[in-house]
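# Topology and contacts: notes
Listed below are the residues making up each chain.
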Amino acid sequence: MAFVVKKNINGKDYFYLNENKRVDGKVKTKTIAYLGKIKKDAEKKAKEIIEKMEKEKTEIKEIEKKERTETKISIEEMAVFCKRKGFVYSSGEIYGGLAGFWDYGNLGVELANNLKREWWQFHVYQRNDVVGIDGSIITNPKVWEASGHVSSFVDIAVVCKKCGNKTKIDKYEVGKAKCEKCRGEFENKGEFNPMFTTSVGPVKEDSLKAYLRPETAQLIFANFKFVQENARMKLPFGIAQIGKSFRNEIAPRDFLFRAREFEQMEIEYFTKPNEKCPYELGNTEILIYSEEMQKNKQEAKKMSFKEAWKKGIIKTDWHAYWLEQELFWFIGLGANSSKFRVRQHVSDEKSHYALDTWDLEYNFPFGWKELEGVANRTDFDLKQHEKFSGKDLKIFDEETKEKFLPHVVCEPSLGVGRAFLVFMFDAYTFDEKRQNIVLRLHPKLSPIKAAIFPIIKKDEYENLSKEILNELKKEWNVLYDISGSIGRRYARNDEIGTPFCITIDEDSLKNKDVTIRIRDTTEQIRVKIENLQEVLRKGIHGENILKYGKKIETRKKISGEE
Ligand code: GAP
């Protein structure tokens, strides 16, 4: 809520409108406007500004409400859409593809890159306590012996006796699990390790058996001491990494959801043992589904992370904090918060390294599924690497003058492909009025930020359009489209999520201004070319740009236009 404050500077009173905002869990005061020196005028001005702000908030809520009208489609339909529009293809499709391997097309690579950049921005650049690395896909195989992946990263392959469905189950599910397709009995095909193997070195006898990494995390642990010293990090701190991982899944399925080659975005967050979390928790509510609720066959309960932690449902403040951060990241990029919940792993479901794990789950068209794992790995990994490498990985504590191994209180670990699906499902809408698909991606994620349309094929229109295109291309991925009617061009861009379409018409030549059409509302504004970049920048950051131009009704057609 905004409020008026008086500041006395050199004996004179000045009035300002301030607002408290929560940033990174802390309340920060921001000055919104200078209100002048006279109290009465300042109060009047403040009232006007507050009213305007409230109106804008209501408008944004209205837009958000409209955005929430996403159309429900199945995962198979999403795969077809992604192929048709150039987001994702089955890898090696011209040879029949290969199960569990996917290629990102011209739009898919942009969306994936944008979401990875946004993840890095939020988790690394916007914090002072996280730095990044980029580890190798193949490393010394001892890393995987130490981590326990060679001995404990084991699944049981099973085939349904009734319908032939091939899948994997955890060891604890042997004899208990039934086929999820037909409820038939499983035939146990034995243990298998999903790590892909390869040999390093050209001469067979001298070559070394190595693994394609099944998680990026181990490269963080193996480099932990170097990074901590080089980056001069003090606990608590995190190391982030984005990169490919490989798992020879027995049953890759549900498009990008379960692939054999996929990308992970992971953080190992290190603290002193039992260190308190200094960040404040917010009040955002979410469905919480603890181990106890699952065992007692109860429903998930809606509450804030703060409440779940205070009630001891989520055991540590750090776990509650990181789960909340992960949810914030998705919501900040326009994901639908009502489709998320957090679920605790039941004891026999946990990975060999985890003390406690909570998954951020999303309600996919094929049910509630793990989107992101958030595990407490304790000092398990550093201890193992000390043991296997013989190297000292401890940190010296200046206060206690003792050396100790830091604990990973939380490991947020998210697959790029799964995040990609969440944003696509939440964005996909069939607009009845327009009779075309509108992909309502957050502009930050949109593969193409703006499309430039000269209204007719004439040199003067095309030259000005290309001038604008070249200027905008210095900053963003922008598209030039001259074919078909303006309506067709809008529809094509709606389908691929382009948030802004810019039309150059006869008035543009005279007045040096253009029309920006906003994807989500189809509203149009007229903006001077000199201000275009600034207005787009605001729009791409998620601001409603309606106020930055003169609102216009649909343009009348001119001669030569289709
Ligand atoms: N370092 C911890 C780790 O790898 P995980 O729960 O096995 O934990 C973390 O994986 C995340 O990686 C998952 O929540 C999911 O988003 C993604 N992921 C795992 N296996 C995947 C697969 N076969 N295909 C696509 N994404 C996968």
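The text that follows walks through the structure, step by step, so that each part is easy to find. Bear in mind that the values here come from a model prediction, so they are computed numbers and not experimental data. Residue positions are counted from 1 within each chain, in the order its sequence is given. Predicted model: local features are reported for residues with pLDDT of at least 70 only, side-chain atom pairs are reported and counted for 80 or more only, and whole-chain, interface and lining totals are derived from all residues. Processing note: side-chain calculations cover all non-hydrogen atoms of the structure and skip hydrogens and water entirely.

### Remarks on the site of the ligand
Filter applied, for reference: Proximity criterion: a residue is near a molecule or strand once any of its heavy atoms comes within 4 Å of it. Polar contacts, as counted here, are pairs of nitrogen or oxygen atoms within 3.5 Å of one another; within protein the pair requires one atom able to donate a hydrogen and one able to accept it, and residues that are adjacent in sequence qualify only if both atoms are side-chain atoms. We get accessible surface area from the Shrake-Rupley algorithm with a probe of 1.4 Å; when it comes to residues, only the shown protein chains can shield them. Starting at the N terminus, helices and strands are each numbered in turn, a helix being any DSSP run of H or I of at least four residues and a strand any DSSP run of E of at least two. Throughout this entry, Asp, Glu, Lys and Arg are counted as charged residues, while Ala, Val, Leu, Ile, Met, Phe, Trp, Tyr, Cys and Pro are counted as nonpolar. The remaining residues, Gly among them, count as polar.
In the region of the ligand, 22 residues are neighbours, and Glu215, Glu266, Glu370, Leu371 and Gly415 sit closest. Within the side chain of arginine 377, a nitrogen or oxygen atom sits 3.5 Å from a nitrogen atom of the ligand. The contact in question runs from a nitrogen atom of the ligand to an N or O atom on the side chain of glutamate 411, over 2.8 Å. If the ligand stood free it would expose 550 Å²; the protein chains cover 92% of that surface. Among the elements of the structure, strand 13 (261–271), strand 18 (367–376) and strand 21 (407–415) are those that each provide at least two residues to the shell around the ligand. Of the residues contributing to the shell around the ligand, the split by class is eight nonpolar, four polar and ten charged.

### Section: helix 14 (residues 486–495)
Note the threshold: To sort residues, take the accessible area from a 1.4 Å probe on protein chains only and compare it with the maximum for the residue type: under 20% means buried, over 50% means exposed, and anything in between is partly exposed.
Residues of helix 14 that are buried include every one of Ile486, Arg489, Tyr490, Asn493, Asp494 and Glu495, and no others. Phi turns positive, to about 85 degrees, at glycine 497, one or two residues after helix 14.

### Brief notes about the sheet that holds strand 25 (residues 478–480)
Paired through their backbone hydrogen bonds, the strands of a sheet run either parallel or antiparallel. Under the convention used in this document: Two strands are counted as paired when DSSP detects at least two bridges linking them. In this analysis, axes come from line fits to C-alpha atoms, helices being fitted only over the stretch in contact, and the angle between any two N-to-C directions falls in the range 0 to 180 degrees. In what follows, residue pairs with any heavy atoms lying within 4.5 Å of each other are defined as contacts.
Reading across the sheet, the six strands line up as 25-24-26-27-28-29 and stay open at both edges, with mixed pairing between neighbours. Edge positions in the open sheet fall to strand 25 and strand 29 (550–552), since each of these has one partner strand only. Recorded for the sheet is a direction-independent mean angle of 30 degrees between the axes of neighbouring strands. As paired strands, strand 26 (residues 500–504) and strand 27 (residues 513–518) are joined by four bridges and run antiparallel to one another. Opposite threonine 503, over in strand 27, you have threonine 515 as the bridge partner. Of the strands in this sheet, strand 24 (450–454), strand 25, strand 26 and strand 27 are in contact with helix 13 (residues 459–473), which crosses strand 25 at around 165 degrees.

### A closer look at the pattern of salt bridges
Rules: Take a side-chain nitrogen of Lys or Arg and a carboxyl oxygen of Asp or Glu: if they are within 4 Å of each other, that pair is a salt bridge.
Applying the stated criterion across every chain, the model contains 48 salt bridges. With a closest N to O distance of 3.9 Å, glutamate 51 and lysine 47 form a salt bridge. Of this pair, glutamate 51 and lysine 47 both sit in helix 1 (residues 39–67), separated by four residues, roughly a single helical turn. Residue glutamate 51 is classed as partly exposed on the basis of its relative accessible area of 47%. Look at lysine 47 and you get exposed, because its relative accessible area is 57%. Of the charged contacts in the structure, one is a salt bridge between lysine 272 and aspartate 397, with a shortest N-O distance of 3.8 Å. On the criterion of sequence distance, the pair formed by lysine 272 in the loop between strand 13 and strand 14 (285–289) and aspartate 397 in strand 19 (residues 395–397) is long-range, its members being 125 residues apart. Through salt bridges with shared partners, a single ionic network connects Asp431, Arg434, Arg440, Asp494, Arg517, Arg519 and Asp520.

### Observations concerning unusual backbone geometry
A cis amide bond, omega -5 degrees, links leucine 235 with the succeeding residue proline 236. One non-glycine residue, aspartate 254, lies in the positive phi region at around 55 degrees. Structurally, the position occupied by aspartate 254 is in the loop between strand 12 (237–246) and strand 13. Its relative accessible area of 21% is what places aspartate 254 among the partly exposed residues. Backbone geometry places lysine 512, a non-glycine residue, at a positive phi of 55 degrees. Within the secondary structure, lysine 512 sits in the loop between helix 15 (506–511) and strand 27. Given a relative accessible area of 46%, lysine 512 falls into the partly exposed group.

### Structural notes on a nonpolar patch on the surface
Applied cut-off: Patches in this entry comprise residues that are over 30% relatively accessible and not in a salt bridge; like charges within 9 Å are linked, as are nonpolar side chains (Val, Leu, Ile, Met, Phe, Trp, Tyr) within 5 Å.
A grouping of Ile137, Ile138, Val200 and Leu208 is seen on the molecular surface, where their side chains present a nonpolar patch of about 290 Å² in accessible area. Relative to the assigned elements, valine 200 resides in strand 10 (residues 197–200).

### What about the packing of helix 3 (residues 108–125) against helix 12 (residues 416–427)?
Put simply, the rule reads: Note that the term roughly parallel is reserved for angles under 35 degrees, roughly antiparallel for angles over 145, roughly perpendicular for angles of 65 to 115, and oblique for everything else.
At a closest axis distance of 10 Å, the pairing of helix 3 and helix 12 adopts a crossing angle of 105 degrees. By the criterion of interaxial angle, the relationship of helix 3 to helix 12 is roughly perpendicular. Touching Gly108, Leu111, Ala112, Leu115 and Lys116 of helix 3 are Val416, Ala419, Phe420, Phe423 and Met424, all from helix 12. Partitioned by chemical class, the residues of the contact of helix 3 with helix 12 number eight nonpolar, one polar and one charged.

### Structural notes on the pairing of strand 21
For strand 21, a buried count of eight out of nine residues is recorded, marking the element as mostly surrounded by other parts of the structure. Where strand 18 and strand 21 come together, four bridges link them in antiparallel fashion. Each bridged residue has a counterpart across the sheet, and for glycine 373 the counterpart in strand 21 is serine 413.

### Quick look at the side chain of glutamate 495
The topology assignment puts glutamate 495 in helix 14. The class for glutamate 495 is buried, based on a relative accessible area of 13%. When near neighbours in sequence (up to four residues on either side) are disregarded, glutamate 495 contacts Phe81, Arg84, Lys85, Ile437 and Leu439.

### So, helix 12
As a reminder of what qualifies: What a helix should span is 1.5 Å times the count of its residues minus one.
The end-to-end C-alpha distance of helix 12 is 16 Å, a good match for the 16 Å that twelve residues give at a rise of 1.5 Å each. Among the twelve residues that make up helix 12, twelve are buried, leaving the element largely enclosed by the rest of the structure.

### Observations concerning the environment of valine 109
Tracing the sequence through the fold places valine 109 in helix 3. Through-space distance from the C-alpha of valine 109 to that of serine 337 is 25 Å; in sequence the pair is 228 residues apart.

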